[in-house]
Amino acid sequence: MAIDPGNSSSQFGGPKHPPDLDALMKKWFNSGRGGGPAAILIVVVVLLGMTIYSAVYTVPSDSVAVVQRFGQFTQLEISGLHIKLPFAIDQITIVPTKRQLKQEFGFATPGSTDPNQTARRDVRQRYVDERESSPQRGQIGETQMVTGDLNTALVEWVIQYRISDPVSYLFEVREPGQTLRYVSESVMREVVGDRTVDEVITIGRQEIEAQALDKMQALASKYEMGISIDQVQLKNINPPVPVQASFNEVNQAQQEKEKLINEARRDYNKVIPLAEGERDQRIRAADGYRLKRINEAQGDALRFNALYAEYIKAPEVTRKRIYLETMQDVLPRVESKIIVDIQALGILPLLNLNQPRSVEVKP
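This write-up is about the structure you can find in this document. What you are looking at is a predicted structure, and each value in this text was computed from that prediction instead of being measured. (Residues numbered from 1 in each chain as written. Predicted model: local features only at pLDDT ≥ 70, side-chain atom pairs only at ≥ 80, totals over all residues. Heavy atoms only, no water.)

A few words on the sheet that holds strand β2 (residues 64-69). With antiparallel pairing, three strands are arranged side by side in an open sheet as β3-β2-β5. The sheet is open, and its two edges are formed by β3 (72-77) and β5 (90-95), each paired on a single side. The mean angle between the axes of side-by-side strands here comes to 25°, regardless of whether they run parallel or antiparallel. Relative to β3, β2 runs antiparallel, the two sharing five bridges. Bridged to Q68 within β3 is F73. (Pairing = 2+ DSSP bridges. Helix = DSSP H or I, 4+ residues; strand = E, 2+ residues; numbered from the N terminus. Axes fitted to C-alpha atoms, helices over the stretch in contact; angles between N-to-C directions.)

Looking now at the nonpolar core. In this structure, V155, W157, M188, M216 and V232 are the most contacted members of the largest nonpolar core, which totals 34 residues. Of all elements in the fold, only β2, β6 (101-105), β8 (152-163), α5 (176-193), α6 (197-201), α7 (205-222) and β9 (227-238) reach the threshold of two or more residues within this core. Here V232 is in contact with W157, V158, I159, M188, E209, A212, L213 and M216, once residues within four sequence places are set aside. (Core = buried A, V, L, I, M, F, W, Y, C linked by side-chain atoms within 4.5 Å. Buried < 20%, exposed > 50% of the residue type's maximum accessible area, 1.4 Å probe, protein only. Contact = heavy atoms within 4.5 Å.)

The subject of this paragraph is the packing of aromatic side chains. Going through the model one piece at a time under the given rule, you end up with two aromatic pairs. Between F73 and F171 the ring centres are 6.1 Å apart and the planes differ by 55°, which places this aromatic pair in the tilted class. One end of the pair, F73, is in strand β3; the other, F171, is in helix α4 (residues 166-171), with 98 residues separating them in the sequence. F171 sits in the partly exposed class, given a relative accessible area of 36%. Residues F105 and W157 carry aromatic rings whose centres are separated by 4.4 Å and whose planes lie at 5° to one another, so their mutual orientation is stacked. Of this pair, F105 sits in strand β6 while W157 sits in strand β8, and the two are 52 residues apart along the sequence. Side by side, F105 and W157 carry an identical accessibility label, which is buried. Stacked on the ring of F105, the Lys or Arg R181 has its end atom at 4.2 Å from the ring centre. (Phe/Tyr/Trp six-rings, centres within 6.5 Å; stacked < 30°, edge-to-face > 60°. Lys NZ or Arg CZ within 6 Å of the ring centre and 35° of its normal.)

Further remarks concern the side chain of S168. For S168, the position within the fold is in helix α4. Those residues in contact with S168, other than ones at most four positions away along the chain, are V173, E224, M225 and G226.

What follows is about the side chain of E104. Mapped onto the secondary structure, E104 falls in strand β6. Judged by its relative accessible area of 1%, E104 is buried. Residues in contact with E104, not counting those within four places in the same chain, are T109, Q117, T118, E142, W157, V158 and R181.

Burial analysis of β2 places five of its six residues in the buried class, which makes it a mostly covered element. Note: β2 against β5, six bridges, orientation antiparallel. Directly across from A65, in β5, lies its bridge partner I94.

Bringing the packing of α5 against α7 into the picture now. Two elements in contact, α5 and α7, have axes whose closest approach is 9 Å; the angle formed by their N-to-C orientations is 140°. The orientation of α5 relative to α7 falls into the category oblique. The two elements α5 and α7 meet at a crossing, and its hand is right-handed. Here V183, S184, V187, M188, E190 and V191 of α5 come into contact with α7, specifically with I208, Q211, A212, K215, M216 and L219. When its residues are assigned to classes, the contact of α5 with α7 shows eight nonpolar, two polar and two charged. (Parallel < 35°, antiparallel > 145°, perpendicular 65-115°, else oblique. Left-handed = near helix turned anticlockwise from the far one by under 90°. Nonpolar A, V, L, I, M, F, W, Y, C, P; charged D, E, K, R; others polar.)

On to helix α2 (residues 37-55), then. The end-to-end C-alpha separation of α2 is 26 Å, in line with the 27 Å expected for 19 residues at 1.5 Å each. Taken residue by residue, α2 has A39, S54 and A55 as its buried positions. Viewed along the axis of α2, the buried residues span an arc of 135°, placing them on a single side of the element. Exposed and facing more than 90 degrees away from the buried side of α2 are P37, A38, L41, V45, L48 and Y53. (Expected span 1.5 Å × (residues − 1). Arc of directions from axis to C-beta.)

Take the pattern of salt bridges next. Going through the model one piece at a time under the given rule, you end up with 14 salt bridges. One salt bridge in this structure joins D90 and R69, with 2.8 Å as the shortest N-O distance. Residue D90 is located in strand β5, and its partner R69 is located in strand β2; the two are separated by 21 residues in the primary sequence. Assessed through its relative accessible area of 35%, R69 is described here as partly exposed. Linking R319 and E316 is a salt bridge whose minimum nitrogen-to-oxygen distance equals 2.9 Å. Within this pair, R319 and its partner E316 are both found in helix α9 (residues 315-330), separated by three residues, close to a single helical turn. The exposure class of R319 is partly exposed, given its relative accessible area of 38%. (Salt bridge = Lys/Arg side-chain N within 4 Å of Asp/Glu carboxyl O.)

Below, the structure is given as structure tokens:
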């Protein structure tokens, strides 16, 4: 159906009908102002300007340009100023190959300009309409997943990727951004479905991220999407709203259990090493005492053997020396000493040995 220019209107005000360029040119030439070399020069300058404008383009530093001539791919151009065939003979598509892109699942960053960063508006609105009377109103269905123990979890995640092959990205897959979203959602559901809800929410996050990254990259390579996935990061993981209170109670009980276990381990680590240290100390003390007694016994035996050897050489001298050394050691510890002459016939006058020295004994 042909569109009559006279029936279109402007939404920003001004004339209601767009100008008819053919009518204006005819009117301008018929008025006598469009003839002559000056008019031809103006037309040539305008056409030359339009040609230059449509033939020169700039590629940003973080991108490459994919050049198509009559719709067929011809070459890639790096960043900088370039020239192409004008008037849509060469079509240029700028692909940001050095920029890290991301896709968000379950939430949306305000102000994002990438249409593939979040789910399409029609998809979000469909889930909102389906949950109009639900406490989860507005929750995007891509976050609702069934775990391996048949529980439900709301999983939010982000993938960060780069365009590694712009030709494959543009020509091998139709709508590669949306295809990547479908691939990511499919892989995440598969990985989450192999684990329990406790693993998904608590201890299994890093393993889920690593496994999902490997599977997503494998599918992206298989489909020749020209995408390199750098990171998969899980964000908020929560149970559904109706069971959140019960689930929080279970988590608190598990945390209390872990707390008690850690306290018991702390006390164990505090008491057991101390007892082991005391045990080792006593063992070392016993070993030291044992070595001391053995060395002393061996020393006494060696001294006795040496003394016996000297005794064999000179028994009388040795016996006398031993006697004198013994008396020298014993006599200083005796309080009172009485020396009896060997020639005395009896010791009867000396019977009162325990009397004080001040008492005189008369014969």
